[in-house]
Amino acid sequence: MDEAGFRTLTTDWAGTCHAVKWDDDLVASVAGKMYALYCLRGVHAGKLSFKVPDESFLPLTEQPGIIPAPYAARYKWIAVIEPQRHGDAWLRQMIHQSYTLVAARLPRKIRRELGLAP
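These numbers were taken from a predicted model, which means no experiment stands behind them. (Residues numbered from 1 in each chain as written. Predicted model: local features only at pLDDT ≥ 70, side-chain atom pairs only at ≥ 80, totals over all residues. Heavy atoms only, no water.)

K.L.:
Would you explain the overall build of the protein chain in this entry?
P.N.:
Scanning the protein chain from terminus to terminus reveals 4 helices and 6 strands. Ordered by position from the N terminus, the helices and strands of the protein chain form the series α-β-β-β-β-α-β-β-α-α. At 14 Å, the protein chain has a C-alpha radius of gyration in line with the 13 Å of a compact globule built from 118 residues. Once the C-alpha set of the protein chain is aligned to its principal axes, its extents read approximately 40 × 30 × 25 Å. Here the protein chain holds 118 residues, and the buried ones make up 39% of them. Restricting the contact set of the protein chain to residue pairs at least 6 apart, pairs at least 24 apart contribute 42%. Surface summary for the protein chain: the accessible area is close to 6800 Å², and the carbon and sulfur share equals 53%. (Helix = DSSP H or I, 4+ residues; strand = E, 2+ residues; numbered from the N terminus. Rg over C-alpha atoms; globule rule 2.2 N^0.38 Å. Buried < 20%, exposed > 50% of the residue type's maximum accessible area, 1.4 Å probe, protein only. Contact = heavy atoms within 4.5 Å. Areas by Shrake-Rupley, 256 points an atom, 1.4 Å probe, with all protein chains shown as cover.)

Listed below in structure tokens is the structure:
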């Protein structure tokens, strides 16, 4: 997955905004809460990071090309440092799962405004 693929994938999800943070990272957020990032430049260019369910964190970080996300591992974020090993379909599924996890923790009023709650 490249930058364009990351933007295209996340653009259609309700409430998603993109911003470049820390000079090198394209961040996807829902209602101001980050759910995924794509490293644009530097040593880690192409790396993806996102939130995973608590029970998936340890098994995923034992896989080749996946590590606990620096500065965010305590929140159960992983960093996919070799995205080519896992394929775009898997990455899409995992990033959407991250979006769902983060959106579920938004206040009910905001979820309703975004069409995510009845």
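Let us keep going from here.
K.L.:
Explanation requested: the side chain of Lys47 in the structure shown.
P.N.:
Relative to the helices and strands, Lys47 resides in the loop between β3 (33–39) and β4 (48–51). Asp25 provides the closest opposite charge to the buried, salt-bridge-free Lys47, at an N-O distance of 5.8 Å. Leaving out residues up to four positions away in the same chain, Lys47 has contacts with Leu37, Tyr38, Cys39, Ala79, Val80 and Ile81. (Lys, Arg positive; Asp, Glu negative; His and termini not counted. Salt bridge = Lys/Arg side-chain N within 4 Å of Asp/Glu carboxyl O.)

K.L.:
When you look at unusual backbone geometry in this model, what are you seeing that I'm missing?
P.N.:
Phi is mostly negative for residues that are not glycine, and the peptide bonds are mostly trans. Positive phi is not limited to glycine here, since Trp22 has a value of about 55 degrees. For Trp22, a relative accessible area of 55% gives the class exposed.

K.L.:
What is the right way to read the confidence of the model for the protein chain from this model?
P.N.:
Reading predicted coordinates in detail is not appropriate for stretches of low pLDDT. Mean pLDDT for the protein chain: 94, with 100% of residues reaching 70 or above. Across the protein chain, strand β6 (residues 77–80) holds the top mean pLDDT of 98, while helix α1 (residues 3–11) sits lowest at 92. (pLDDT = per-residue confidence, 0-100.)

K.L.:
Mind showing me how you'd approach the sheet that holds β6 here?
P.N.:
For sheets, the rule is that strands pair by backbone hydrogen bonds, running either parallel or antiparallel. Taken in spatial order, the 6 strands line up as β1-β2-β3-β4-β6-β5 in an open sheet, and their pairing is antiparallel. With partners counted over all chains shown, the strands left at the sheet margins are β1 (16–21) and β5 (66–68), one partner each. The mean angle between the axes of side-by-side strands here comes to 25 degrees, regardless of whether they run parallel or antiparallel. As paired elements, strand β2 (residues 25–30) and β3 share 6 bridges and run antiparallel to each other. In the strand pairing of β3, Ala28 is matched with Ala36. Strands in contact with helix α2 (residues 54–61) are β5 and β6; relative to β5, the strand with the most contacts, it is inclined by about 125 degrees. Seen against the sheet, helix α3 (residues 88–104) touches β1, β2, β3, β4, β5 and β6 and runs at an angle of roughly 40 degrees to β4. (Pairing = 2+ DSSP bridges. Axes fitted to C-alpha atoms, helices over the stretch in contact; angles between N-to-C directions.)

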